[in-house]
Amino acid sequence: MSDVSQFDAWLTTDEFAALVIREFLEPVEGPDGVLFPATYAAAEDKKVFPGGYNIDPPEGDKNICLVDSIGSQANRIEPMFAKPDFAHLIPQISVTAGPKSISILEAGHRAGDALVRCTPLQKELQDAFKSVLKGDAEPMAKIAPTSLVFGVWDSRDTQAKLPRLIASTIRAFDVKRLKRSAQYNPSTDYIGDNLLPETTDKSQKDAYAERGFVHVPATGSHGGVIASGGVRRDATLSLGALRLLSAGSDPKKTVTLRRYVLGLSLVAFTSNPATYLRQGCNLVPGSKPREFELVHADGKREPLKLTNAEALKYATAVAKAFGVGEGKTVTFDSKLASADIKGEGDVKPTRSRGRRNAATADTTEGAE
């Protein structure tokens, strides 16, 4: 039986700032292997960012390359709460949308996502966001607790915004950018063998190329990077941000809420992150051991040992004490979506402001 009060000092005093993990990674091919970072679309002003790999500064040998963003990392970790070992910790909310059944854990904007907003849960979610604005996060913890762990912004409606408690990012240091080229060769000479008519028309030539009937060269595209300064995952669980959560003015309920959210956070924080990020980017721990520290508010650091199994034991106990919300399966409502688009219904009063901020929100979260 786990002691539900064992971490209460983290939740009730200002002496503790955060838990921090620094994990030293390398490509499965070895520390000098090529890895493929995420690519991003160009900024509106291409002088600011021309698109491709996010490397700062863009020139020179000393630089930092973003391999996996904070949003992307959150989206990789969050679905773990649908797995059998962890599913009992949260209400399992699924949305039936056409032929698909989609978990709220897969919705990019979590409780603020259009997928769940346009269901019978709309009013319940809106009330939960309004409660957050009034200083009571308990209703949100009952319906979408991982929104409290990984952050959420109800940018289309109430403007309620909760910071991420867990922030994880992977960066590569001192990278050398590579290019790669390829050549597509058709299975036979369709034009030379009179299987297709020769043409000088550009649109017809383009159609031949698009459909694979002619040679197509591809040169100078992104070829990955080699990181001579290493690859590192930095993860933070902010205890200071966690202490901002409350259940109104009830101190006993507030501690119970914080314990529940901490339990979920610890389970996610101590989990083994995904090693396969994308084609050409399969990262594993290197020879240097992982650093795991409790950081005090005065800057003092102390090594911390907490396994995922221990975190799960604590999370299970505090979830039982809190009372996990009821799981539900709801159906996406196209009529609600149409009303949402038109600015009708309950979301209307705050909609204009939401529209102004929505573009920014989408840009911010786009890499997820």
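Note: the structure precedes this text.
The rules behind these values
- Once a new chain begins, its residue numbering starts again from 1 and follows that chain's sequence as written.
- A pLDDT threshold of at least 70 governs which residues receive local features in this predicted model, and a stricter bar of 80 or more applies before side-chain atom pairs are shown or counted, although totals over entire chains, interfaces and linings include all residues.
- Side-chain figures throughout are based on the complete set of non-hydrogen atoms in the structure, without hydrogens or water.
- When DSSP locates at least two bridges between a pair of strands, those strands are taken to pair.
- Secondary structure counts use DSSP, requiring at least four H or I residues in a row for a helix and at least two E residues in a row for a strand, with both numbered from the N terminus.
- To get an axis, a line is fitted to the C-alpha atoms, and for a helix only the part in contact is used. The angle between two axes follows their N-to-C directions and goes from 0 to 180 degrees.
- Centres within 6.5 Å are what make two rings of Phe, Tyr or Trp a pair, Trp counting through its six-membered ring; a difference in plane orientation under 30 degrees is then read as stacked, over 60 as edge-to-face, and the rest as tilted.
- Between buried and exposed lies partly exposed: a residue is buried under 20% and exposed over 50% of the maximum accessible area for its type, with that area taken using a 1.4 Å probe on protein chains only.
- Think of it as a cone above the ring: NZ of Lys or CZ of Arg counts as a charge over the ring if it is within 6 Å of the ring centre and within 35 degrees of the ring normal.
- Under this definition, polar contacts are N or O atom pairs within 3.5 Å; protein pairs additionally need one hydrogen-donor-capable and one acceptor-capable atom, and for neighbouring residues in sequence, both atoms have to be side-chain atoms.
- A pocket, in this scheme, is an open set of points on a 1 Å grid over the protein atoms alone with protein on both sides within 12 Å along at least 5 of 7 lines, while a cavity is a set where a 1.4 Å probe fits but cannot get out; residues line either one if an atom lies within 4 Å of a point.
- Grid points are joined across faces, edges and corners, and a volume is the space filled by probe spheres set on the points.
- Note on residue classes: Ala, Val, Leu, Ile, Met, Phe, Trp, Tyr, Cys and Pro are nonpolar, Asp, Glu, Lys and Arg are charged, and everything else, Gly too, is polar.
- The disulfide criterion is simple: two cysteine sulfur atoms within 2.5 Å.
- For our purposes a nonpolar core is just a set of buried Ala, Val, Leu, Ile, Met, Phe, Trp, Tyr and Cys residues, chained together by side-chain atoms within 4.5 Å.

This part takes up the sheet that holds strand β6 (residues 93–97). Across the sheet, which stays open at both edges, the 3 strands sit in the order β7-β6-β18 with mixed pairing between neighbours. Lying at the two open borders of the sheet, with one neighbouring strand each, are β7 (100–103) and β18 (328–331). In this sheet, adjacent strand axes meet at a mean angle of 25° when their direction is disregarded.

Within the structure shown, the criterion is met by 5 aromatic pairs. Relative to Phe-213, the ring of Tyr-190 has its centre 4.9 Å away and its plane inclined at 90°; by these criteria the two rings are edge-to-face. Of this pair, Tyr-190 sits in the loop between β11 (175–184) and α7 (202–210) while Phe-213 sits in the loop between α7 and β12 (216–227), and the two are 23 residues apart along the sequence. The class of Phe-213 is partly exposed, set by a relative accessible area of 31%. For the pair Tyr-260 and Phe-322, a centre-to-centre distance of 4.5 Å together with 10° between the ring planes defines the contact as stacked. Placement of Tyr-260 in helix α9 (residues 251–269) and of Phe-322 in helix α10 (residues 308–322) is noted, with a sequence separation of 62 residues between them. Residue classification places Tyr-260 among the buried residues on the basis of a relative accessible area of 1%. Look at Phe-322 and you get buried, because its relative accessible area is 9%. Members of the aromatic cluster, joined through ring pairs, are Phe-7, Trp-10 and Tyr-314. Against the face of Phe-322 rests Lys-142, its NZ or CZ located 4.2 Å from the ring centre. Lying over the aromatic face of Phe-24, Lys-288 brings its terminal NZ or CZ to 4.3 Å of the ring centre.

Bringing the side chain of Ser-265 into the picture now. Locating Ser-265 in the fold gives a position in helix α9. Of note is the side chain of Ser-265, whose polar atom sits 2.8 Å from the backbone oxygen of Val-261.

As a further point, take empty space enclosed by the protein. Taken as a whole and judged by the stated rule, the model has 1 cavity of 30 Å³ or more. Considering the residues around the largest cavity, the lining is formed by Ala-111, Gly-112, Arg-117, Gln-122, Leu-125, Gln-126, Phe-129, Asp-154 and Asp-157. Here the lining of the largest cavity gets 4 residues from one element, more than from any other, and that element is helix α4 (residues 122–133). Split by residue class, the lining of the largest cavity holds 3 nonpolar, 3 polar and 3 charged.

On to the environment of Asp-201, then. Take Asp-201: it is sitting in the loop between β11 and α7. Judged by relative accessible area, which is 39%, Asp-201 ranks as partly exposed. From its side chain, Asp-201 meets the backbone nitrogen of Gln-204 in a polar contact 2.9 Å long.

If you walk through the whole model with that rule in mind, you get 0 disulfides. Sulfur of Cys-65: no disulfide; nearest cysteine sulfur belongs to Cys-281 and is 9.2 Å away. Residue classification places Cys-65 among the buried positions, given a relative accessible area of 0%. Residue classification places Cys-281 among the buried residues on the basis of a relative accessible area of 0%.

On to the nonpolar core, then. Residues Trp-10, Leu-19, Phe-81, Leu-89 and Leu-266 are the most contacted members of the largest nonpolar core, which totals 67 residues. Broken down by element, the residue count for this core peaks at 9 residues, all from α9. Counting 16 residues, the second-largest nonpolar core is a separate cluster that includes Cys-65, Val-67, Ala-172 and Cys-281.

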